[in-house]
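# Secondary and tertiary structure notes
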Amino acid sequence: MAKLVKHKALAVTVAVIVAAMVAAGFAYYPSDDVPTASATANTRRFVLILAGASDASESGRFDLEVAARTEALTATCMKSHGFQYLPKDPRSVVDVEDASDFTSLDYARTHGFGISVFPHFVPEAPDTKTYEKSLSAASLKTHDSALAGCVDNSQRTAEKEYGIPEANSVWARVDGEVQRDSRYEAALETWRACAAAVGHPARSRLALITDLRKEYTSVMATLRSGTTTPSQDQLAALAAKAPAWQKFHRAEIDAAVATFPCSQSADRTYVSTFMRHLNLSG
């Protein structure tokens, strides 16, 4: 229940906004393979991150580690196809700086829930484009086809190595138990009363964020309605000057700050209940 990391090209994520994790995170690839000791340890590590039981630095480290491993595997794969591939800086594909942080009041005061944050990435090395430009049209077509397959295979391999499919499965099962636990149900009722008292009635923080995201989607659709597709930086500049975006951003911050005390209490109950069910299941 801690954060939603924003990404560029790599589908690495720590999405701990309950159900949003599945939509924003790794796909689940069932496997009959026996996990390694490292994968088993990382499975529990990722489960704790998904449950909001780890701090922001741990979730950021996990994202970057998986990104780095995926890039290294991609480079090896491309070499086997006879092409050069320079592994990207993990921070050029994963944004860990602007990820939603539900544990920080300072974050809430600056970014709200993180909905209207524009992610920032380390620039990619120019050598990559230089190499691609050196290829003939036919070689570039083969290169691009090989790269697509290498990226997909590397992501799946990295997921297995880090125990991500199993972690997603464990999290989903235990989260379902938590959602039905009377202790957490009572905490949610308290959250609803608290949020309504500060002017933001909703069934849960997730429901509140979901409604805000729908509004944000409408705001951003208007900004993107031109004939050209703006870059992230251009879009951020447009948004900063748009009254509709400014109004939304203020409303998001108000909702995040006002409900922060409500959410902290509910999150503590969620984590303690989650850990109880996780440990009971072994």
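Read on for an overview of the structure.

Here is what the cut-offs are and how they apply
- Residues numbered from 1 in each chain as written.
- Predicted model: local features only at pLDDT ≥ 70, side-chain atom pairs only at ≥ 80, totals over all residues.
- Heavy atoms only, no water.
- Helix = DSSP H or I, 4+ residues; strand = E, 2+ residues; numbered from the N terminus.
- Buried < 20%, exposed > 50% of the residue type's maximum accessible area, 1.4 Å probe, protein only.
- Contact = heavy atoms within 4.5 Å.
- Areas by Shrake-Rupley, 256 points an atom, 1.4 Å probe, with all protein chains shown as cover.
- Disulfide = S-S within 2.5 Å.
- Axes fitted to C-alpha atoms, helices over the stretch in contact; angles between N-to-C directions.
- Parallel < 35°, antiparallel > 145°, perpendicular 65-115°, else oblique.
- Nonpolar A, V, L, I, M, F, W, Y, C, P; charged D, E, K, R; others polar.
- Core = buried A, V, L, I, M, F, W, Y, C linked by side-chain atoms within 4.5 Å.
- Phe/Tyr/Trp six-rings, centres within 6.5 Å; stacked < 30°, edge-to-face > 60°.
- Expected span 1.5 Å × (residues − 1).
- Bend = angle between axes of the 7 residues up to and from the residue.

With that settled, consider the overall build of the protein. Regarding its fold elements, the protein presents 11 helices and two strands. Reading the helices (α) and strands (β) of the protein from amino to carboxyl end gives β-α-α-α-β-α-α-α-α-α-α-α-α. When each of the 282 residues of the protein is scored for burial, the buried share is 46%. In the protein, 77% of the contacts between residues at least 6 apart in sequence involve partners at least 24 apart. Total accessible area on the protein stands at roughly 14100 Å², and carbon and sulfur atoms take up 57% of it.

Our next topic: the state of the cysteines. Under the definition given, this model contains two disulfides. Here C77 is linked by a disulfide to C150, with a sulfur-sulfur distance of 2.1 Å. Here the S-S torsion is close to -75 degrees, and the disulfide linking C77 with C150 is therefore left-handed. In this pair, C77 sits in helix α3 (residues 56–80) while C150 sits in helix α6 (residues 137–161), placing the two residues 73 residues apart along the sequence. Take C150: its relative accessible area is 1%, and that puts it in the buried class. Between C194 and C262 runs a disulfide, and the two sulfur atoms are separated by 2.0 Å. Its torsion about the S-S bond being -70 degrees, the disulfide of C194 and C262 is classed as left-handed.

Let us look at the packing of helix α10 (residues 232–241) against helix α11 (residues 243–280). Two quantities define a packed helix pair, namely the angle between the helix axes and the distance between the axes. For the pair α10 and α11, interaxial distance at closest approach is 5 Å and the crossing angle is 85 degrees. Classified by the interaxial angle, the pair formed by α10 and α11 is roughly perpendicular. Contacts from A239, A240 and K241 of α10 reach α11 at P243, W245 and Q246. Residue composition of the contact of α10 with α11, grouped by class: four nonpolar, one polar and one charged.

Along the polypeptide, V257 turns up in helix α11. For V257, a relative accessible area of 29% translates into the label partly exposed. Ignoring any residue separated from it by four or fewer positions in sequence, one finds V257 in contact with L105, A108 and R109.

Our next topic: the nonpolar core. Grouped together as the largest cluster of nonpolar side chains are 24 residues, with contacts concentrated most on F113 and W245. Those elements giving two or more residues to this core turn out to be α8 (182–197), α9 (205–223), α10 and α11. Residue contributions to this core peak at seven residues, all from α9. If sequence neighbours within four positions are ignored, W245 has contacts with S116, F118, Y216, V219, M220, A239 and A240.

In the structure shown here, the tally under the stated rule is seven aromatic pairs. Look at F102 and F113: their rings are 6.2 Å apart centre to centre, the planes differ by 85 degrees, and that puts the pair in the edge-to-face class. Note that F102 is positioned in the loop between β2 (94–95) and α4 (105–111) and F113 in the loop between α4 and α5 (127–133), a separation of 11 residues in sequence. Take F102 and F113: they sit in the same class, and that class is buried.

Along its 38 residues, α11 runs 51 Å from first to last C-alpha, staying within 8% of the 56 Å computed at 1.5 Å per residue. The largest bend in α11 amounts to roughly 55 degrees and is located at F260, with the proline P261 lying one to four residues further along.

Right, let's talk about helix α7 (residues 164–179) for a bit. Taking 1.5 Å as the rise per residue, α7 with 16 residues should run 22 Å; its terminal C-alpha atoms sit 22 Å apart, in good agreement. The complete set of buried residues in α7 reads I164, P165, A167, N168, W171, V174, D175, G176 and V178.

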